[in-house]
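Listed below are the residues making up each chain.
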Amino acid sequence: MEDFVNLRVHSSYSIKDGLLSPKQIVDIAAKNGEKAVAITDLNYMLKTVDFYEYARQKGVKPIIGLDAYIERDLFNPNEFEDMENFEPTRMLFLAKNEEAYKRLNVLLSKASTINQKVGLKGYEGVGFIKQSWLDKESTKDIILLSGESNTSDIVKEALYGDKDKALEKVKFYQEIFGGNFFLEVQRFDQKDEYNSVLETLRLSAKSNVPVTATHPVQFENRNDYYYHEIRSCISSKEEIDDINRELKFNREQYYKNNKEINEMFQDIPQVISMSSKI
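Trainee: Please give an account of the packing of aromatic side chains that cites residues and values.
Mentor: Following the criterion strictly, the structure yields 11 aromatic pairs and no others. Centre to centre, the rings of Tyr 173 and Phe 181 are 5.7 Å apart; their planes meet at 40°, and the pair counts as tilted. For Tyr 173, a relative accessible area of 3% translates into the label buried. The exposure class of Phe 181 is buried, given its relative accessible area of 1%. Three or more aromatic residues joined by ring pairs form one cluster here, namely Tyr 69, Phe 80, Phe 86, Tyr 123 and Phe 128. If you follow Lys 23 out to its NZ or CZ, it ends over the ring of Tyr 54, 5.2 Å from the centre.

Trainee: Would you mind going over a nonpolar patch on the surface in detail, with residue names and values included?
Mentor: Side chains of Tyr 226, Tyr 227, Ile 230 and Ile 234 sit close together on the surface and give an oily, nonpolar patch of about 440 Å² of accessible area. Tracing the backbone through its elements, the reader meets Ile 234 in helix H7 (residues 225-236).

Trainee: Explain the side chain of Glu 34 to me, and be specific about the residues and the numbers.
Mentor: The residue Glu 34 is located in the loop between helix H1 (22-31) and strand S1 (36-39) in this model. Here the side chain of Glu 34 touches Asn 32 through a polar contact of 3.2 Å, side chain to side chain. Those residues in contact with Glu 34, other than ones at most four positions away along the chain, are Asn 6, Ala 29, Val 60, Tyr 255 and Lys 256.

Trainee: Pulling in residues and values, what's your account of unusual backbone geometry?
Mentor: Notably, Lys 47 is not glycine yet its phi reads approximately 55°, a positive angle. Here Lys 47 lies in the loop between S1 and helix H2 (48-57). Even without glycine at this site, Asp 189 takes up a positive phi of about 60°. In this fold, Asp 189 is placed in the loop between strand S6 (181-185) and helix H6 (193-207).

Quick notes on the rules
Residues numbered from 1 in each chain as written. Predicted model: local features only at pLDDT ≥ 70, side-chain atom pairs only at ≥ 80, totals over all residues. Heavy atoms only, no water. Phe/Tyr/Trp six-rings, centres within 6.5 Å; stacked < 30°, edge-to-face > 60°. Buried < 20%, exposed > 50% of the residue type's maximum accessible area, 1.4 Å probe, protein only. Lys NZ or Arg CZ within 6 Å of the ring centre and 35° of its normal. Patch = residues over 30% accessible without salt bridge, like charges linked within 9 Å, V, L, I, M, F, W, Y side chains within 5 Å. Areas by Shrake-Rupley, 256 points an atom, 1.4 Å probe, with all protein chains shown as cover. Salt bridge = Lys/Arg side-chain N within 4 Å of Asp/Glu carboxyl O. Helix = DSSP H or I, 4+ residues; strand = E, 2+ residues; numbered from the N terminus. Polar contact = N/O pair within 3.5 Å; in protein donor to acceptor, adjacent residues only side chain to side chain. Contact = heavy atoms within 4.5 Å.

In structure tokens form, the structure reads like this:
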């Protein structure tokens, strides 16, 4: 059995889509015998020192990261013109050390202070990190993961657009991040999940960018899904019994243990071991 490390975990500080406190996340990881765990909140980096210190006390290596919105100003400079049909791009950043953590904070602060989008429905007050801000100096020792398939510009391009352009985007990030750039695959009952994994593996073969398995964690158990939906609705000011409400999450986004992850990816175990190498 391969060792899996959770690199994509939202805590309650993600506000909209996380139920677990940082301490609860560490406790679950410790209970499962995991050697490390990441907290990668959506556009927030809060209580990171508390998380770091508590994880060390519990014998779990803490990984601090960020699930961030990306403005594709280099590949799609007009993406905000059609605000009604806007689909956000998100990518995952992980800090390898303290200096990388500081650089990641600079990027997030910059997005939050000078690049919020006014009038963008559903994203008022959200800061976007511009592609043009990313260079070798500003991202030194920062690991970048390509994003969940339903919010990854790379995967959506490969599935529904131009496969050559998808490869071009992979090489763009590869040029900046070098060996710190990884493609992601997930299996949690998404749209076009089989083809998403297939296209990602093909991009990896063409670019030599390694692939890692990730699993988006929003809550602890399947039974917590309903409570998570309540929190999400409060945040988005929606009624939970509204039949027209868009369902953004599902019951599979709970904290799965190593055995469950190995069963999910038994056909491609190398993507599990890659998470541990990261």
